[in-house]
Amino acid sequence: MSRIAGCAAAARESGRSLLIPYLVAGDPDLETSLALMVELAAVGADMIELGIPFSDPSADGPAIQRGVERALAAGANLRGVLELARRFRELDGETPLVLMGYLNPIEIMGYAEFAGECALAGVDGVLVVDMPPGEAGDLPALLAARGIDRIFLVSPTTTAERAKEIIEHTSGYLYYVSLKGVTGAALDDRESVAVNIARLRGWTDLPVVIGFGIKDAGTAVAMSELADGVIIGSALVERIARLPPTQSRRSDDVGEATALIGSVRRALDARCGGAGASETGKRP
Amino acid sequence: MPEREAAFSGPDESGHFGPYGGVFVGETLIRAVAELAAAYDRLAGDPRFWQGFDADLADYVGRPSPIYLAERLSAACGGARIWLKREDLNHTGAHKVNNTVGQALLARHMGKTRLIAETGAGQHGVASATVAARLGLECHVYMGAEDIVRQAPNVYRMKLLGAEVVAVESGSRTLKDAMNEALRDWATNVDNTYYIIGTVAGPHPYPRMVRDFQCVIGREAREQFSARTGALPDALVACVGGGSNAIGLFHPFLADGGVAMYGVEAAGRGLASGEHAAPLNAGRPGVLHGNRTYLMSDEHGQILDTHSVSAGLDYPGVGPEHAWLKDLDRVRYVAATDAEALAAFHQLTRLEGIIPALESSHALAWATRLAAGMEREQNILVNLSGRGDKDIEAVARLEGADFGINSGIRQ
């Protein structure tokens, strides 16, 4: 069982919601990213999504665009991201790590080398935003051969036929995009998310997590009731943007940036432990 | 549609030209792109759609555009005869409107009420705003903040036409960033919005669809040239940014083995300087804006900033069909520098009384060089894709001329 599958299975068993923060690797620099990742795991992140900076992040909203620009300005690139992953893995042998990004940097490195480097770095899953399963070439097979999960997106506009096809190609978890638009925009109404996820549940046992538009404990709790977990990206990246420069940083500044994730963790656990737990639609 | 040789009959059903093209977009846009492809497939098989398109091109755009023998320019080059396909005479001043007329008809057919577009030089933005005004559709044009400064007259034209021009402040603040922002808008407003891409790039079906709309250039030119000379031209020359005017001219001639073709990219300050916009000459295959094609990217896969004196060629990618035609060796892709394009701009203006767009000036620069090495009875057909009125302010600024009433006027 992959690290991701193991993590998701354990959460399901204990009735706990998965909490997956996203940050841009190298924003504002690789050292800070590493410190943030360690802190995120400490305050209750179940997995971490690490964004690969790309010059043209056409599926991302303003917060993540600016994070990417900060990372690129500091010289981040795919090799640096893989090195960051490897260093995190040396410090933390448990927390699953997913690389999320756009195809061009991976294509320029070469699929085989990328898959090999991911395996060496201890990466557990890969999500390429602008690579639908039909255009993936041999990348999924190369990742699968090294035990790395292939994560794909399903959106409110995905047809039933296509959702089933995506599920065929997916391992680890299914990432449900909760809205029409880019990362960090406003959430779709709860009802339509509920309907769409119930539909997905009918076709797969894969964990379903919800991302795009979850900003705080309130939205996280509301969405977590509908799925196995939630992803928080833009809201965290906005807090990282407010970090003081390295030289004037206090020891608890990183903790302040990640405090959001800690508070969401507590809210999710309170819900799961409370009387409402049996109504959440979660399977035993 | 004329018959084509098998190798040139792309794309395949999933939108690929050999290894290029395809649909590389986020999941939210997949259905929109598929619906567009289906709607276009239906309409492309309906002769009434093409009759409507042809009628609009005739009555609204002013087609057919003539071909013109540039005798004084040819004489100055001392070689082959140079002919111009006069796309500069179209309504709105460039070939771009052929495509926006076609896509606007499609948008209306699909029941979309809101048009969005990206623009670099502003020509596609103006052509989009124009058809939006004519059909009474809301129109938002994304334009890099840098380009807004460079192309102020076109910004004002778009506003006059009722479009909202949205300044894009992200990334390099040019055409590629405008395209990113338009893709974000489309993903957000996918239900009522139609995205008019201005060139033969983007996810399938855009490269095919825009080509089909622009092929009117080559079909007309083929007939006109045959009627005038009883033969086909020996060579075709067109500038290539995204490559829509070039593919429009080239495509109806692809099966004619005797016709040489040259696509002219922007060499900017020289290919060796790195400050250019010539992915087919100096780039590598990669994935951007929905398709696989030649791109200007660094060794880490980051898209590079481009430079060209011409805002319309200032783009790091190129249409996937051009990438394929390069690999097939059917079209030769060359490049002209800023300085060469500016010289050609002046040359055509002085010798023929035609002020060409800076984009088209790149094609002219190559054509004059090519002509000099050819025989006098040979013929070169150049796509004069747009007129240069939009560029005179930029040229004056570049050359340090006093752009005003005092320059060059005898007191």
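Residues numbered from 1 in each chain as written. Chains lettered and ligands numbered in written order. Predicted model: local features only at pLDDT ≥ 70, side-chain atom pairs only at ≥ 80, totals over all residues. Heavy atoms only, no water.

The subject of this paragraph is the sheet that holds strand S1 (residues 16-17) of chain B. Residue and element names in this part refer to chain B. Judged by pairing direction, the sheet is antiparallel, and its 4 strands sit side by side in the order S1-S2-S12-S11 without closing on themselves. Taken across any chain shown, the strands that pair with only one partner, and hence form the sheet edges, are S1 and strand S11 (284-288). Bridge analysis of S1 against strand S2 (residues 20-24) gives 2 bridges, and the strand direction is antiparallel. Of the residues in S2, the one forming a bridge with His-16 is Gly-21. Those strands touched by helix H13 (residues 320-327) are S1, S2 and strand S12 (290-295), and its axis lies near 45° from that of S12. (Pairing = 2+ DSSP bridges. Helix = DSSP H or I, 4+ residues; strand = E, 2+ residues; numbered from the N terminus. Contact = heavy atoms within 4.5 Å. Axes fitted to C-alpha atoms, helices over the stretch in contact; angles between N-to-C directions.)

The subject of this paragraph is the pattern of salt bridges. Going through the model one piece at a time under the given rule, you end up with 41 salt bridges over all chains. A salt bridge links Asp-124 of chain A to Arg-3 of chain A; the nearest nitrogen and oxygen atoms lie 2.6 Å apart. Of this pair, Asp-124 of chain A sits in the loop between helix H6 (111-121) and strand S4 (125-128) while Arg-3 of chain A sits in helix H1 (residues 3-14), and the two are 121 residues apart along the sequence. With relative accessibility at 8%, the residue Asp-124 of chain A sits in the buried group. The partner of Asp-185 of chain B in a salt bridge is Arg-114 of chain B, and the shortest N-O contact between them spans 2.8 Å. Placement of Asp-185 of chain B in helix H8 (residues 175-188) and of Arg-114 of chain B in strand S5 (residues 114-119) is noted, with a sequence separation of 71 residues between them. There is no split in this pair, since Asp-185 of chain B and Arg-114 of chain B are both buried. Beyond isolated ion pairs, a larger network of salt bridges with shared partners links Asp-41, Arg-208, Arg-211, Asp-212 and Glu-321 of chain B. (Salt bridge = Lys/Arg side-chain N within 4 Å of Asp/Glu carboxyl O. Buried < 20%, exposed > 50% of the residue type's maximum accessible area, 1.4 Å probe, protein only.)

In this section: the packing of aromatic side chains. Residues and elements named next belong to chain B. The tally for this structure, following the rule as stated, stands at 14 aromatic pairs over all chains. Ring centres of Trp-186 and Tyr-195 lie 5.8 Å apart, and the angle between their planes is 70°; this geometry places the pair in the edge-to-face category. A network of ring pairs unites the aromatic residues Tyr-40, Phe-49, Trp-50, Phe-53 and Phe-213 as a single cluster. Stacked on the ring of Tyr-68, the Lys or Arg Arg-86 has its end atom at 6.0 Å from the ring centre. Directly above the ring of Tyr-294 sits Lys-326, whose terminal nitrogen or CZ lies 5.5 Å from the centroid. (Phe/Tyr/Trp six-rings, centres within 6.5 Å; stacked < 30°, edge-to-face > 60°. Lys NZ or Arg CZ within 6 Å of the ring centre and 35° of its normal.)

Glancing now at the interface of chain B and chain A. At the junction of the two partners, chain B supplies 38 residues and chain A supplies 35 residues. Contact between chain B and chain A buries roughly 2800 Å² in total, counting both sides, with carbon and sulfur atoms accounting for 48%. When the buried area of chain B at its contact with chain A is split by residue, Glu-27, Arg-184 and Gln-302 of chain B rank highest and sum to 25% of it. On the surface where chain B and chain A come into contact, there are 3 salt bridges. Across the pair Lys-176 of chain B and Asp-56 of chain A runs a salt bridge, and its minimum N-O distance is 3.0 Å. Where chain B packs against chain A, one counts 19 residue pairs in polar contact (both at pLDDT 80 or more). Elements supplying a minimum of two residues to the side of chain B that touches chain A: S2, helix H1 (27-44), H8, S11 and S12 of chain B. Broken down by element, the side of chain B that touches chain A gets its largest block of residues, 8 residues, from H8 of chain B. For the side of chain B that touches chain A, the class distribution of residues is 12 nonpolar, 15 polar and 11 charged. (Buried area = accessible area lost by both parts, 1.4 Å probe. Polar contact = N/O pair within 3.5 Å; in protein donor to acceptor, adjacent residues only side chain to side chain. Nonpolar A, V, L, I, M, F, W, Y, C, P; charged D, E, K, R; others polar.)

Residues and elements named next belong to chain B. Structurally, Lys-112 can be placed in the loop between helix H4 (96-109) and S5. Classification of Lys-112 as buried rests on a relative accessible area of 13%. Taking the C-alpha atoms as reference points, Lys-112 and Val-190, separated by 78 residues in sequence, lie 9.6 Å from one another. Contacts of Lys-112, omitting those with residues within four sequence positions, involve Ala-107, Leu-137, Val-190, Asp-191, Asn-192, Thr-193 and Tyr-194.

What follows covers the packing of helix H2 (residues 30-42) of chain A against helix H4 (residues 78-91) of chain A. All names here are of chain A. One way to put it is that H2 packs onto H4 with a least axis distance of 10 Å and a crossing angle of 40°. Handedness of the H2/H4 crossing: right-handed. From H2, Leu-30, Glu-31, Ser-33, Leu-34, Met-37 and Val-38 reach across to H4, where they touch Gly-80, Leu-84, Arg-87, Phe-88 and Leu-91. Broken down by class, the residue content of the contact of H2 with H4 amounts to 7 nonpolar, 2 polar and 2 charged. (Left-handed = near helix turned anticlockwise from the far one by under 90°.)

Attention now goes to the nonpolar core. Among the nonpolar cores identified, the biggest contains 118 residues, and Tyr-173 and Tyr-175 of chain A together with Trp-186, Tyr-195 and Leu-249 of chain B are the most heavily contacted of them. Here the element with the most residues in this core is H1 of chain B; it accounts for 8 residues. In this view, Tyr-195 of chain B contacts Gln-103, Ile-116, Ala-117, Glu-118, Met-179, Ala-182, Leu-183, Trp-186 and Tyr-206 of chain B; residues no more than four positions away in its chain are not counted. Counting residues in hydrophobic clusters, the runner-up holds 69 residues, among them Leu-82, Ile-148, Leu-200 and Ile-261 of chain A. (Core = buried A, V, L, I, M, F, W, Y, C linked by side-chain atoms within 4.5 Å.)

Attention now moves to the packing of H1 of chain B against helix H9 (residues 206-214) of chain B. All names here are of chain B. Two elements in contact, H1 and H9, have axes whose closest approach is 11 Å; the angle formed by their N-to-C orientations is 30°. For the element pair H1 / H9, the angle class is roughly parallel. The two elements H1 and H9 cross, and the hand of that crossing is left-handed. Only Tyr-206, Arg-208, Met-209, Asp-212 and Phe-213 of H9 make contact with H1, whose side of the interface consists of Leu-36, Tyr-40, Asp-41 and Ala-44. Residue composition of the contact of H1 with H9, by class: 6 nonpolar, no polar and 3 charged. (Parallel < 35°, antiparallel > 145°, perpendicular 65-115°, else oblique.)

Moving on: the confidence of the model for chain B. All names here are of chain B. Across chain B, the average pLDDT comes to 94, with 96% of residues at 70 or higher. The element-level mean pLDDT for chain B is lowest in helix H6 (residues 145-150), coming to 86, with strand S9 (residues 235-239) highest at 99. Across the whole predicted complex the pTM is 0.94, and at the interface the ipTM reaches 0.93. (pLDDT = per-residue confidence, 0-100.)

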